[in-house]
Amino acid sequence: MTGVPMAYGLILGGILFALGLAGLLMRRNLLFILVSIEIMLNGAGVAFVAAGSRWGQPDGQIMFLFILAMAASEVSVGLALILRLNRQHKTLDADAASEMRG
Amino acid sequence: MLDLLWLVPAIPFASALALAVLRFPRKIVAWIAVCSIAASTVVSLLVTASFLSAPPTANAYTQVLWTWLNVGGFRPEIALYLDPLSLIMMVVVAFVSFLIHLYSTEFMIDDDGYSRFFAYMNLFVASMLTLLLADNLLLLYLGWEGVGLCSYLLIGFWYRDPVNGLAGRKAFIVTRVGDTAMVIGLFLLFHDLGTLNIQQLMLRAPQQWHIGSGAAIAAAFLLLGGAVGKSAQLPLQTWLPDAMAGPTPVSALIHAATMVTAGVYLIARTHVLYSLAPSAQFAVAVVGAATLLIAGFSALTQWDLKRVLAYSTISQIGYMFLALGVGAWPAAIFHFMSHAFFKALLFLAGGVVIKALDDEHNIFRMGGLRKRLPVAFWTFLIAGCSLAGLPLITAGAFSKDWIIWGALSAAHGSPGLWIVALVGVLLTSLYTFRMIFLVFFGEAHTQVTRKPGNAMLIPCIVLAFLSIAGGYLKTPFARFLETTLPWDGGTGVVPASEIGSEVIAFLVLLLGLYLAYLFFLRKKAYATTLVSSAVGSGVHRFWFSDWGMDWLYDRVLVRPLVWFARVDKGDFIDGFYTGVGRVNEIAWRGLSRTETGRLRWYAAGIAAGSIIFIAVVLFL
């Protein structure tokens, strides 16, 4: 089967993952952190799909469906937490919520 | 019937376990504790009856329960061995324990640790019976340490007073010295003879070792070390007087009637070894003779009723060692039996007095109790006469005269040992009647505050009966023991007869009685003048402090050790362990810095960690 070589897909997934990680580490706004996590998940998803297409197996796409479902539930929980945090601290700054340190 | 033998130690052990683990009300605790020992006594009597009516082959019965371990030819079994020697010891121990448990139900009634007390006591009886019935020296050693443990626990029973805890520790550590020697002896026996089974040892020892060979002497001396520690003989006797810190029934059971005679039993059990090592056997006799004199003199000066009895116990066990040392084996066991009766009784009757006077131990503050505690008086008097050896009517006389005669006439007897034994009789009758006169005669110094009940008096009366009647068993006793511990009736060439020796012993006893009467009842001033004179007070202090043994050990062993421990506090081993702690502390300080509570910092940590992990997996 001819098409996009797997390396391209993997490189794209890697770039997306790295971008997401960088956003996660640099952004202080919790909403953006959540968005960064979504990007990382999608990077992983692209890698799965690319691998699935390389071996002609449906598993990669099935895994991506799982990732989608997980991302949806994660966002719903995450947004609820961010709402609560916003009520408490009147801000979306992640570093403001550091009072749980031991 | 004989196959019930395993129940004898098993029942007290089970009840000790039950009392230690479960909680019961006091009444039920007393019932469980006493009934278990009663059951054990009944089983031992049944076993005895069947042993006597149908003696097993070779006059011994072995019951193998299971194999303990099996390593490289070392195969000790949990097995019980019943022969006339262990049978007599078993019956006496079980019966006396039963009486003392009965007595304790009343004596300890007000105590907080009622259940704890009986758990320890039952465990003690179980261990003691294991020791006596053991088929091999390893199982014997298990019982040996078991009784040592119970002794420690019960001496320190009233642990709130630190003095009692110290006394318990002293007993444990001093006996440990002897036990270490004994363990080395066991190693030696196994190394040379390849087994620890007592009967096989006794068979193999004469085949492999000739009389007077070095290995036999070493083994006999090492076992003697263990016996000396447990039986509180010179030079390890210092723990027993302090052991009186425990409750009185404990002193009666453990530190007079049963446990302290374990050393005598050990030597009698392994007497073949001692026949192979004449110098060790002579050492046994010398240790016994020296101890009976030293402890007798010390007993003369004590003011604490229980300490007088403690020194008297040491002295009487000295007699048993003397008998073992001269080769009058059955005499030692016979004296063990009568001693178990009368010394337990002395402690029990003494306990009645102490309890009645509201915990008064000082004999100089007692007095005049003859009328007010009649049962205690009569039983104490009977036991005292038995201890002093009043001939014809008391058990103590039969056994002690046998030993005295043996000291002269037995295979290794000599006139010197005979004279020491006679001096011992003088001392015994002197300190016994001193005690009796001071406690029961004269003027009253302290008021009786509580009368003893039946549970305390009945054991006294039963033991008083046995302290008299026990003596008439001498002839059947000797015949019964003949197969295990032979006695030839005295083969040494001596110019005296057994009757003559007994008459002399009686005259010596009367002299002691008269002196006690003179010094402690009739003319108390004599005793005071004697003690207050320069020489007298020095000697008094010397004897009172157990011939300065505690002082000596304190200076020679304890203080140098404490000094060394203090000097050596910061040595390199210590430095190593402190260093480990220090490194941990530094690591903790560093790592706790990283716990910031910042989410992004943690995420970075996770990312870095996974990158490192993946890199390790990929490239290594």
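In every chain, residue numbers begin from 1 and rise along the written sequence. Key to labels: chains lettered from A, ligands numbered from 1, both in the order written. Side-chain atom pairs in this predicted model are given and counted only at pLDDT of 80 or more, local residue features only at pLDDT of at least 70, and totals for whole chains, interfaces and linings cover all residues.

J.: Can you help me understand the overall build of chain A in this one?
T.: A count of helices and strands for chain A gives 3 helices and 0 strands. The globule rule is 2.2 Å times the number of residues to the power 0.38, and the radius of gyration it is compared with is taken over C-alpha atoms. For 102 residues, the compact-globule estimate of 2.2 N^0.38 gives 13 Å, and the C-alpha radius of gyration of chain A, at 17 Å, exceeds that figure by more than 25%. On the principal axes, the C-alpha backbone points of chain A span a range of 55 × 25 × 25 Å. Counting contacts in chain A only where the partners sit at least 6 residues apart, residues at least 24 apart contribute 51% of the total. Numbering of helices and strands runs from the N terminus, with a helix taken as a DSSP run of H or I at least four residues long and a strand as a DSSP run of E at least two residues long. Working definition of a contact: two residues with C-beta atoms, positioned from the backbone, lying within 7 Å.

J.: Can you help me understand the overall build of chain B in this one?
T.: Scanning chain B from terminus to terminus reveals 26 helices and 2 strands. For 620 residues, the compact-globule estimate of 2.2 N^0.38 gives 25 Å, and chain B sits close to it at 28 Å. Once the C-alpha set of chain B is aligned to its principal axes, its extents read approximately 100 × 60 × 50 Å. Partly exposed residues are those whose C-beta has more than 12 but fewer than 20 other C-beta atoms within 10 Å; 20 or more makes a residue buried and 12 or fewer makes it exposed, with C-beta atoms placed from the backbone. The proportion of buried residues among the 620 residues of chain B is 52%. Within chain B, residue pairs in contact and separated by at least 24 positions form 81% of the contacts whose partners lie at least 6 positions apart.

J.: What exactly am I supposed to notice about the nonpolar core here?
T.: Among soluble globular proteins, nonpolar side chains are generally buried collectively. In terms of nonpolar packing, the biggest core is built from 210 residues, with Leu322, Ala332, Ile333, Ala344 and Leu345 of chain B touching the most fellow members. Once you skip the residues sitting within four places of it in the chain, leucine 345 of chain B turns out to touch Thr379, Ala383, Cys460, Leu463, Ala464 and Ser467 of chain B. What makes a nonpolar core is a set of buried Ala, Val, Leu, Ile, Met, Phe, Trp, Tyr and Cys residues, with links drawn between C-beta atoms within 7 Å.

J.: Help me understand the interface of chain B and chain A, please; the structure alone is not making it clear to me.
T.: Many structure descriptions define interface size as the accessible area lost when the parts assemble. On the side of chain A, 10 residues touch chain B, which itself brings 9 residues to the contact. Here the nonpolar group is Ala, Val, Leu, Ile, Met, Phe, Trp, Tyr, Cys and Pro; Asp, Glu, Lys and Arg are the charged ones; every other residue, Gly included, is treated as polar. Class assignment for the residues of the side of chain B that touches chain A results in 4 nonpolar, 2 polar and 3 charged.

J.: Before we go on, may I ask you to explain the environment of leucine 16 of chain A in this structure?
T.: Residue and element names in this part refer to chain A. Checked against the element boundaries, leucine 16 lands in helix α1 (residues 6–26). For the pair leucine 16 and glutamate 38, spaced 22 residues apart in sequence, the C-alpha separation works out to 9.9 Å. The residues touching leucine 16, leaving out its near neighbours within four places in the chain, are Ile39, Asn42, Gly43 and Val46.

J.: Any chance you could explain the confidence of the model for chain B here in plain terms?
T.: As a general rule, the predicted coordinates of low-pLDDT regions are not to be interpreted in detail. Per residue, pLDDT measures the predictor's confidence, with a range of 0 to 100. Confidence in the prediction of chain B, expressed as mean pLDDT, is 87, and 99% of residues score 70 or more. Among the prediction metrics, the complex's ipTM stands at 0.84, with pTM recorded as 0.79.

J.: Help me out: how do you make sense of unusual backbone geometry in this one?
T.: Across residues other than glycine, the phi torsion is negative in most instances, and most of the peptide bonds are trans. Residue and element names in this part refer to chain B. With an omega of 0 degrees, the peptide bond between leucine 234 and proline 235 qualifies as cis. Along the chain, the position of proline 235 falls in the loop between α8 (214–230) and α9 (239–242). Its identity is not glycine, yet alanine 232 carries a phi of approximately 55 degrees, on the positive side. Considering the arrangement of structural elements, one finds alanine 232 in the loop between α8 and α9. With 29 C-beta atoms packed within 10 Å, alanine 232 lands in the buried category.

J.: I keep staring at α1 of chain A and nothing clicks. Help me out?
T.: Along an α-helix, residues three or four positions apart point the same way, because every turn accommodates 3.6 residues. In a helix, the anticipated span is given by 1.5 Å times the number of residues less one. If you check α1 of chain A, its first and last C-alpha atoms are 30 Å apart, about what 21 residues at 1.5 Å a residue would give, namely 30 Å. Each element contacted by the buried residues of α1 of chain A is listed here: α2 (30–55) of chain A together with α26 (599–619) of chain B.

J.: I would appreciate a short explanation of the packing of helix α17 (residues 395–409) of chain B against helix α21 (residues 498–522) of chain B in the present structure.
T.: When two helices pack together, their arrangement is captured by the angle between the axes and the distance separating the axes. Residues and elements named next belong to chain B. Only the contacting stretch of a helix is used when fitting its axis, a line to C-alpha atoms as for every element, and angles between N-to-C directions run 0 to 180 degrees. Here α17 crosses α21 at 120 degrees, and the two axes come no closer than 9 Å. Here α17 is positioned oblique relative to α21, judged by the angle of their axes. α21 is crossed by α17, and the crossing has right-handed handedness. Mapping the contact onto sequence places Asp401, Ile404, Trp405 and Leu408 in α17 and Glu498, Ser501, Glu502 and Ala505 in α21. For the contact of α17 with α21, the class distribution of residues is 4 nonpolar, 1 polar and 3 charged. An angle counts as roughly parallel when it lies under 35 degrees, as roughly antiparallel when it exceeds 145, as roughly perpendicular when it falls between 65 and 115, and as oblique in every other case. For a crossing to be left-handed, the near helix must be turned anticlockwise from the far one by less than a right angle; the clockwise case is right-handed.

J.: Just checking my understanding: could you explain the environment of leucine 153 of chain B for this structure?
T.: With respect to the helices, strands and loops of the structure, leucine 153 of chain B is situated in helix α5 (residues 137–155). The spatial distance from the C-alpha of leucine 153 of chain B to the C-alpha of phenylalanine 124 of chain B is 10.0 Å, given a sequence separation of 29 residues.

J.: In this structure, what is going on with helix α10 (residues 248–257) of chain B? I would like to understand it.
T.: Residue and element names in this part refer to chain B. Across the 10 residues that make up α10, a large majority, 10, are buried. Three or more residues of α10 are buried, namely Thr248, Pro249, Val250, Ser251, Ala252, Leu253, Ile254, His255, Ala256 and Ala257. Packed against the buried residues of α10 are α3 (84–107), α4 (114–133), α5, α9, α14 (305–326) and α15 (329–356).

J.: Please clarify how the environment of tryptophan 418 of chain B should be interpreted in this entry.
T.: Residues and elements named next belong to chain B. Position of tryptophan 418 relative to the elements: it lies in helix α18 (residues 415–440). Considering only alpha carbons, one finds tryptophan 418 and glycine 288, 130 residues apart in sequence, at a separation of 12 Å. Beyond its immediate chain neighbours, meaning those up to four positions away, tryptophan 418 contacts Ile404, Ala407, Leu408 and Gly413.

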